[in-house]
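Okay, here's what each chain looks like letter by letter:
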Amino acid sequence: MLEYLKPKVIAEIGCNHKGDINIAYELIQLAKDCNADIAKFQKRNNKELLTNEQYNTPHPNPINSYGETYGDHREFLEFNTKQHELLKKYCDEIGIEYSTSVWDVTSAEEMVSFNPNFLKVPSACNNHFDMLEVLRDNFNGEVHISLGMTTQSEETEIIDFFHNKNQANRIVIYSCTSGYPVPFEDVCLKEIDRLYNNYSKIVKSIAFSGHHLGIAIDIAAYTLGARCIERHFTKDRTWKGTDHSASLEPMGLKKLVRDLHATYNSLSYKKTEILAIEQVQRDKLKYRKS
């Protein structure tokens, strides 16, 4: 039977700061104001991650590009290690947890040095086993792994990579469909069920990373067993960039947190057959035989 722990909400700021650290600070504060638990970013070493061809090719969607080439675009949006250290310090100061996704070995090694509670592996590089090895062998926190665009055999290989070294009990696996935004019929929430049935006794927990519109189905994800709910977060969905259109603005994130907490508070059995709130109505309204 599912045990309903209080859900954790991750505001995935990612690169929605547009390369401006002051916007990043503002988004952290907005996430805190919305009662999110975690503000999460992304860390890449672009020269390591991209081939020369990928680096020097124009952005596939020029309207969203911050540079002449895709490499220039990615470098513009990238914060260095010192800036990430400042972001973590700010999160600590205002009382929201910091985390980041890592995309390559160098970024993993850099972010491990901060010792955050968890680091995230995005779907795009969950098969980067050299990077996974850094997180498995040189990091003590939780490793969160998205399973978008991943076959079930690949999924098993990833989990076994940790399980075979007795490290699977600190990984959190995310049901995810990789798309921006994802239509509801492609969200496939029953995948949470499958992950829970197959892996809940092996991994630390199951989570959900959503790229859909609205906030209704995140509640369903939680009731199916997702203990972390991750949503992209921005101040303005019309801003320039790839992820903004699939992100929640502050009002949406605040309502999501509110609704998840309400769901958590409601998931219980009656403590008595007739609750105190019902007794008043029972005395007044319940049919009695004359």
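Residues numbered from 1 in each chain as written. Predicted model: local features only at pLDDT ≥ 70, side-chain atom pairs only at ≥ 80, totals over all residues. Heavy atoms only, no water.

Caption draft 1: Up close: the packing of helix α10 (residues 216-224) against helix α11 (residues 250-266). For the pair α10 and α11, the least separation of the axes is 10 Å and the interaxial angle reads 35°. Handedness of the crossing formed by α10 with α11: right-handed. Counted together, D218, I219, Y222 and T223 of α10 and L256, D259, L260, T263 and Y264 of α11 form the full contact between these two elements. Looking at the contact of α10 with α11 residue by residue, the class counts come to 5 nonpolar, 2 polar and 2 charged. (Axes fitted to C-alpha atoms, helices over the stretch in contact; angles between N-to-C directions. Helix = DSSP H or I, 4+ residues; strand = E, 2+ residues; numbered from the N terminus. Left-handed = near helix turned anticlockwise from the far one by under 90°. Contact = heavy atoms within 4.5 Å. Nonpolar A, V, L, I, M, F, W, Y, C, P; charged D, E, K, R; others polar.)

Caption draft 2: Layout of the packing of aromatic side chains. Here the structure, examined in full by the defined rule, presents 6 aromatic pairs. Aromatic side chains F41 and Y98 sit 6.2 Å apart centroid to centroid with 25° between the ring planes, which places their arrangement in the stacked category. Of this pair, F41 sits in strand β2 (residues 38-43) while Y98 sits in strand β3 (residues 97-102); the two residues are 57 residues apart in sequence, bridging distant segments of the chain. Across this residue pair, the class does not change: F41 and Y98 are buried. (Phe/Tyr/Trp six-rings, centres within 6.5 Å; stacked < 30°, edge-to-face > 60°. Buried < 20%, exposed > 50% of the residue type's maximum accessible area, 1.4 Å probe, protein only.)

Caption draft 3: Here's a closer look at helix α1 (residues 21-33). For α1, built from 13 residues, the straight-helix expectation of 18 Å at 1.5 Å per residue is met to within 8% by its first-to-last C-alpha distance of 18 Å. I21, I23, A24, L27, I28, L30 and A31 are the residues of α1 that are buried. On its buried face, α1 is in contact with β1 (8-14), β2, α5 (81-94) and α11. Measuring from the side-chain oxygen of the N-cap residue of α1 to the backbone nitrogen of N22 gives 2.9 Å; that N-cap residue is D20. Taken from the residues just after α1, N35 is the one with a positive phi, measuring 70°. (Expected span 1.5 Å × (residues − 1). Polar contact = N/O pair within 3.5 Å; in protein donor to acceptor, adjacent residues only side chain to side chain.)

Caption draft 4: Looking closely at α11. Across its 17 residues, α11 extends 24 Å between first and last C-alpha, which sits within 8% of the 24 Å expected from 1.5 Å per residue. Burial in α11 covers these residues: P250, L253, L256, V257, L260 and T263. Viewed along the axis of α11, the buried residues span an arc of 160°, placing them on a single side of the element. Exposed residues on α11 whose side chains face more than 90 degrees from its buried face are M251 and N265. Where α11 is buried, its residues touch β1, α1, α10 and β8 (228-232). (Arc of directions from axis to C-beta.)

Caption draft 5: Quick peek at the nonpolar core. In terms of nonpolar packing, the biggest core is built from 68 residues, with I173 and L253 touching the most fellow members. At 7 residues, α1 tops the list of elements feeding residues into this core. Not counting residues up to four positions away in its chain, the partners in contact with I173 are I145, L147, I159, L195, Y199, V203, S205, I206 and A207. Formed by 7 residues, the second largest nonpolar core is a distinct cluster that contains I10, F118, V172 and A207. (Core = buried A, V, L, I, M, F, W, Y, C linked by side-chain atoms within 4.5 Å.)

Caption draft 6: Spatial organisation of the pattern of salt bridges. Inspection of every chain in the model, using the stated rule, returns 15 salt bridges. Between K43 and E110 there is a salt bridge; the shortest N-O distance is 3.3 Å. With K43 in strand β2 and E110 in helix α6 (residues 105-112), the pair connects residues that are 67 residues apart, well separated along the chain. Where E142 meets K204, a salt bridge forms, and the shortest distance between an N and an O atom there is 2.7 Å. Taken together, the residues E142 in strand β5 (residues 142-146) and K204 in the loop between α9 (190-199) and β7 (205-210) connect sequence positions 62 residues apart. Classification of K204 as partly exposed rests on a relative accessible area of 47%. Connected through salt bridges with shared partners, the residues E12, K40, K120 and E230 form a single ionic network. (Salt bridge = Lys/Arg side-chain N within 4 Å of Asp/Glu carboxyl O.)

Caption draft 7: Broad picture of the side chain of S175. Relative to the helices and strands, S175 resides in strand β6 (residues 171-176). The contact partners of S175, leaving out residues within four places of it in the chain, are C188, E191, I192, L195, A207, F208 and S209.

Caption draft 8: Representation of the environment of I171 in the model. Structurally, the position occupied by I171 is in strand β6. On the basis of relative accessible area, I171 is assigned to the buried category, the value being 0%. A sequence separation of 94 residues divides I171 from N265, and the C-alpha atoms of the two residues are 26 Å apart. Setting aside chain neighbours within four positions, we find I171 in contact with V143, I159, F162, V203, K204 and S205.

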